Amino acid sequence: MKRFLSLALVVVSLVCLVACGSNSSNTSNDTPTNTNTETNTNTDSNTSVETIKIGLLTDRSGEYALLGVQKHAAAMLAVKEINDAGGVLGKQIEVIDPDAQSTTTRYQELARQLVFEDKVAAVFGAAASMDREAIRPIFEENKMVYFYNNQYEGGVASKYTFCTGLVSEQQVVPMMQYMIKTYGPKYYIIAADYNAGTELANWVEYVGVEENGAECVGEEFVPTGVSEFSASIDKIKAANADFLVIGLVGASQSSFFAQYSTSGLNLPMCSTFVGLQYYEHKRFDPPALANLNLTCNYTEEMASVSEDAARFVKDVRTIDSSLEYVGMEAANEYIGIHMWAKAVEQAGTVESDAVVAALESGITLENMPSGTVTLDGATHHCIQDVWSAHIDENHDMIFDQKFEQVRPYWLSDVMGVDLRKENANKQFVIADMLAMRENG
């Protein structure tokens, strides 16, 4: 099972964590949302006398729609707030928001449309890591400011890409340390079979096995869209694990929990996104997700402990009253829109390099759904509070501990990335770190 050679690795601990338009080129029926009633008379958003256009790519249909509708509503709330306050640079924001339909090729098609036809000033979009990596090169090549507003495995280092969600060093480290200490060293991981799931497994092994003496007694990577898990559950039963690490994504893979709950197994579970994106604890009857341990920056239940979170939950539903849940990625999408707007005001222009420079100066936002959020200029990721929580037997979310202003340190401290000085333009992974250490 062991994936890596035994190497002398950097010691990572929780102590160091707490530091410190229109869619004219396609045939779909979706239409862009124009938050300004005036007509944009100029297709170049950089020179428009009426509006500044941004692109929003979310999945409002398909496999990831349960998440995409949350992100879309949160983005539209942020735009409404900004426009109601006077817009940016004295202009209203116009949103070009075609439905990406949970399809990677469509993401690529729409990304090119937003850049070359709609000529937007910035793009916000994608949930799945495979979709992000399919469109990020398009934006990088064309110097388009791109916000990926989603929790993910980490490692992206690109000049024009900015990430507002938590990354592995902010989530996996405290999660695995807690699980090993509380339940024992043997874990089984089941995750989606693409870069998000496989790199999560690498991080879990790095933190768990290499740093904390854990043992991986089984792992399985499941293709997206799979909804039958009887064979997987049999493997878990045979593995004799102390706890499960869950990295399953999308509506179909959520079916695991209902099947698991009737299997007779009662292992503690942990995840960096289950329950926080597709709200499985609300969609499945108790006790299917009982004793699921989580790390997050925000979730709807934080309304009980934070006035800012409570306000956000209420306000998002004024945009879309049909939302069943307002999860972690809705907050990240909202943060990304506000962060870009503040950078544009600071730069005095929507010109990409000027906005990048403003963002890299260390933009801070107060009173966000997750609290205070500061962009780390070296890595283009966010410093923010991290909570540990668990789902109880009644499927209530209980908040256990708050880690204040946790840095996304891995890219800068371990991999030596400083995007203010050099554009790496790649996604670094655990294997890159091991190769670097092996080569001295």
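Whatever comes next refers back to the structure up there.
In this report, the structure presented in the accompanying data block is examined. (Residues numbered from 1 in each chain as written. Predicted model: local features only at pLDDT ≥ 70, side-chain atom pairs only at ≥ 80, totals over all residues. Heavy atoms only, no water.)

A few points about the overall build of the chain
Per the secondary structure count, the chain includes 15 helices and 16 strands. Within the chain, buried positions represent 61% of all 440 residues. Here the chain displays about 15,700 Å² of accessible surface, and carbon together with sulfur accounts for 48% of that area. (Helix = DSSP H or I, 4+ residues; strand = E, 2+ residues; numbered from the N terminus. Buried < 20%, exposed > 50% of the residue type's maximum accessible area, 1.4 Å probe, protein only. Areas by Shrake-Rupley, 256 points an atom, 1.4 Å probe, with all protein chains shown as cover.)

Describing unusual backbone geometry
The residue after Pro 286, namely Pro 287, is reached through a cis peptide bond having omega 5°. Position of Pro 287 among the secondary structure elements: in the loop between helix H10 (280-283) and strand E11 (292-296). In the Ramachandran plot, Ser 102 falls in the positive-phi region, its phi being about 60° despite a non-glycine side chain. Looking at the secondary structure, you find Ser 102 in the loop between strand E2 (92-96) and helix H3 (104-117). Residue classification places Ser 102 among the buried residues on the basis of a relative accessible area of 17%. Unusually for a residue other than glycine, Tyr 279 sits at a positive phi of about 40°. Residue placement: Tyr 279 occurs in the loop between strand E10 (269-271) and H10.

A word on helix H11 (residues 307-319)
It helps to recall that an α-helix has 3.6 residues per turn; residues three or four apart then point in one direction. The terminal C-alpha atoms of H11, which comprises 13 residues, lie 19 Å apart, in line with the 18 Å expected from a rise of 1.5 Å per residue. Of the positions making up H11, those classed as buried are Ala 309, Phe 312, Val 313, Asp 315 and Val 316. Elements in contact with the buried residues of H11: helix H2 (65-84) and helix H12 (328-347). (Expected span 1.5 Å × (residues − 1). Contact = heavy atoms within 4.5 Å.)

Considering the sheet that holds E2
The strands that make up a sheet are held in pairs by hydrogen bonds between backbone atoms, and each pair lies either parallel or antiparallel. Spatial strand order, E2-E1-E3-E4-E6: five strands in an open sheet with parallel pairing. At either margin of the open sheet sits one strand with a lone partner, and together these are E2 and strand E6 (161-163). Across the sheet, the mean angle from the axis of one strand to that of its neighbour is 25°, orientation sign disregarded. In terms of strand pairing, strand E3 (residues 122-125) meets strand E4 (residues 145-148) through three bridges, oriented parallel. If you follow Ala 122 over to E4, its bridge partner there is Val 145. Docked against the sheet, H2 engages strand E1 (51-57) and E2, running at close to 160° with respect to E2. Strands E4 and E6 of the sheet are contacted by helix H13 (residues 352-360), whose axis makes an angle of about 45° with E4. (Pairing = 2+ DSSP bridges. Axes fitted to C-alpha atoms, helices over the stretch in contact; angles between N-to-C directions.)

Concerning the packing of aromatic side chains
Here the distance between the centres and the angle between the planes together describe a pair of aromatic rings. This structure, assessed with the given rule, holds 16 aromatic pairs. Centre to centre, the rings of Phe 139 and Tyr 146 are 4.9 Å apart; their planes meet at 40°, and the pair counts as tilted. Ring geometry for Trp 387 against Phe 399: centres 5.5 Å apart, planes inclined by 70°, an arrangement best described as edge-to-face. Placement of the pair is Trp 387 in strand E14 (residues 381-391) and Phe 399 in strand E15 (residues 397-406), with a sequence separation of 12 residues. Each member of the pair Trp 387 and Phe 399 is classed as buried. Three or more aromatic residues link up through ring pairs in this structure, and these residues are Phe 124, Phe 147, Phe 162 and Trp 340. In this structure, Arg 283 is placed above the aromatic ring of Tyr 279, and the distance from its NZ or CZ to the ring centre is 6.0 Å. (Phe/Tyr/Trp six-rings, centres within 6.5 Å; stacked < 30°, edge-to-face > 60°. Lys NZ or Arg CZ within 6 Å of the ring centre and 35° of its normal.)

What about the pairing of strand E13 (residues 371-376)?
Counting buried residues along E13, five of its six residues qualify, which places the element largely inside the surrounding structure. With three bridges joining them, strand E12 (residues 364-368) and E13 adopt antiparallel strand pairing. For Met 368, the partnering residue across the bridge sits in E13 and is Gly 371. Where E12 hands over to E13, the hairpin turn is made up of two residues, counted between the paired strands. As judged from the three bridges shared by E13 and E14, these two strands associate in the antiparallel manner. Its bridge partner lying in E14, Leu 375 is registered against Cys 382.

Section: the nonpolar core
Phe 256, Phe 312, Met 339 and Trp 340 are the most contacted members of the largest nonpolar core, which has 94 residues in total. Per element, the largest residue contribution to this core is 11 residues, and it comes from H12. Once residues lying within four places of it in the same chain are set aside, the contact partners of Phe 256 are Ile 190, Phe 229, Ile 233, Ile 236, Leu 244, Ile 246 and Leu 248. By size, the runner-up hydrophobic cluster in this structure holds 33 residues, among which are Ala 201, Val 209, Leu 419 and Leu 434. (Core = buried A, V, L, I, M, F, W, Y, C linked by side-chain atoms within 4.5 Å.)

Some thoughts on the pairing of E3
Side chains of E3 alternate between two faces, with Ala 122 and Phe 124 and Val 123 and Gly 125 buried alike. Following the chain from E3 across helix H4 (residues 129-141) to the adjacent parallel E4, one finds a crossover that is right-handed. (Right-handed = clockwise from strand over helix to strand, strands pointing away.)

Description of the side chain of Asp 97
Structurally, Asp 97 is set in the loop between E2 and H3. Buried and unpaired, Asp 97 has Arg 60 as its nearest opposite-charge partner, separated by 4.3 Å. At 2.7 Å, the side chain of Asp 97 and the side chain of His 72 are in polar contact. (Lys, Arg positive; Asp, Glu negative; His and termini not counted. Salt bridge = Lys/Arg side-chain N within 4 Å of Asp/Glu carboxyl O. Polar contact = N/O pair within 3.5 Å; in protein donor to acceptor, adjacent residues only side chain to side chain.)

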